[in-house]
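# Structural overview
Here is what each chain is made of, one letter per residue.
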Amino acid sequence: MKNSMALHLFKNREEGFKYAPFDREIAFYESICSGNMELVKMFMAPLCCEGCGTLSRNYLQNLKYHFTITTALIARFCVNSGMTPQEAYSLSDIYIMKADECTKESEIRSVHLNMIEAYTHKMRYVRTENIYSKRIVCAMDYISEHLHSRIKIEDTAEYLKINPAYLSRAFKAETGMTFTDYVNRKKIEESAGLLRYSEYTDLEISNLLCFSSQSYFIKIFKKYIGVTPNEYKKKYRFTD
């Protein structure tokens, strides 16, 4: 075993092989646990991309091995974030079996995306079920899906087919914060992740999340986090 490991490491060094950055991988798993599909898309890498290593000389089998590992890790991250083990591992079993039945690369990649979406959507409900009414949960879903847009209570109310004034009162009563405060909080949570795990600048994040200006973004970030985006990045930024 020692000789095999040494040979493997030597081969990787000779070929200049580097594994995928650990911090980005963690950001991917954490984004799934947050239930935020938009954030997941930012950190999601194609199955068995550069830096993933080779587990089988058979290309299709190699994809299936990496799929199994990814699914197992996602299941464990989700359990740690509140999903019941029965739900997490049942989903894992279902999707690993689906991948095992695939005979084409395109089929495995399709199952991979479906698996990630299933865990992400389930985690979104894990974070809100039995806490808020169905209507408020739907409003939260709408907000999560539109964080990269200007989110107005009128548009959300129209989507839910209810009166904006009623939504405003119900949102405040159930969550303890105004609709606008909740939107800003969710945008700042996402921006914090981007500051830690991506190369985006303050201005790019401000534009990406549709803040009215960079200065307003900095002001709101400091309100919720306690420091400016630049100070936060210096303190918490993950490096390769």
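You'll find the structure just up there.
What comes next is a walk through the structure. Bear in mind the structure is a predicted one, so any value in this text is a computation, not a measurement. (Residues numbered from 1 in each chain as written. Predicted model: local features only at pLDDT ≥ 70, side-chain atom pairs only at ≥ 80, totals over all residues. Heavy atoms only, no water.)

### Topic: the overall build of the protein chain
On a plain count of helices and strands, the protein chain comes out with 13 helices and zero strands. N-terminal to C-terminal, the α/β element order of the protein chain is α-α-α-α-α-α-α-α-α-α-α-α-α. Looking at the protein chain residue by residue over its 240 residues, the buried ones come to 40%. For the protein chain, long-range pairs separated by at least 24 residues make up 63% of all intrachain contacts whose partners lie at least 6 apart in sequence. (Helix = DSSP H or I, 4+ residues; strand = E, 2+ residues; numbered from the N terminus. Buried < 20%, exposed > 50% of the residue type's maximum accessible area, 1.4 Å probe, protein only. Contact = heavy atoms within 4.5 Å.)

### Brief notes about helix α12 (residues 214-225)
A rise of 1.5 Å per residue sets the reference length of α12, with its twelve residues, at 16 Å; its end C-alpha atoms lie 16 Å apart and thus fit the reference within 8%. Summarising the contacts, the buried residues of α12 are in contact with α10 (179-197), α11 (202-208) and α13 (229-236). Directly after α12, the chain includes Gly226, whose backbone phi takes a positive value near 95 degrees. (Expected span 1.5 Å × (residues − 1).)

### A closer look at the environment of Leu91
With respect to the secondary-structure elements, Leu91 resides in helix α5 (residues 85-100). Distance in space between the C-alpha atoms of Leu91 and Thr71 is 8.9 Å, their sequence separation being 20 residues.

### Here's the deal with the side chain of Asn184
Its location among the elements puts Asn184 in helix α10. The exposure class of Asn184 is buried, given its relative accessible area of 9%.

### Thoughts on the pattern of salt bridges
Using the criterion set out here, one finds seven salt bridges in the structure. Here Lys223 ties to Asp181 by a salt bridge, and the two come within 3.8 Å at their closest N and O atoms. You can see Lys223 sitting in helix α12 and its partner Asp181 sitting in helix α10, a full 42 residues away along the chain. Using a relative accessible area of 55% as the deciding quantity, one classes Lys223 as exposed. Among the charged side chains, a salt-bridge network with shared partners connects Arg124, Asp141 and Glu145. (Salt bridge = Lys/Arg side-chain N within 4 Å of Asp/Glu carboxyl O.)

### Overview of the nonpolar core
Judged by nonpolar contacts, the single largest core of 44 residues is most densely connected at Phe28, Ile32, Phe43, Ile74, Cys78, Ile116 and Tyr119. Those elements giving two or more residues to this core turn out to be α2 (22-34), α3 (37-43), α4 (59-80), α5, α6 (105-126), α10 and α12. For this core, the element with the highest residue contribution is α6, accounting for seven residues. Within the second largest apolar cluster, 18 residues are counted, among which are Ala157, Ile162, Tyr182 and Val183. (Core = buried A, V, L, I, M, F, W, Y, C linked by side-chain atoms within 4.5 Å.)

### Considering the packing of helix α7 (residues 134-145) against helix α9 (residues 164-175)
Their axes nearest at 10 Å, the elements α7 and α9 cross at an angle of 100 degrees. In terms of axis orientation, α7 runs roughly perpendicular to α9. For the pair formed by α7 and α9, the contact residues are Arg135, Ile136, Ala139, Met140 and Ile143 on the first element and Tyr166, Leu167, Ala170, Phe171, Glu174 and Thr175 on the second. (Axes fitted to C-alpha atoms, helices over the stretch in contact; angles between N-to-C directions. Parallel < 35°, antiparallel > 145°, perpendicular 65-115°, else oblique.)

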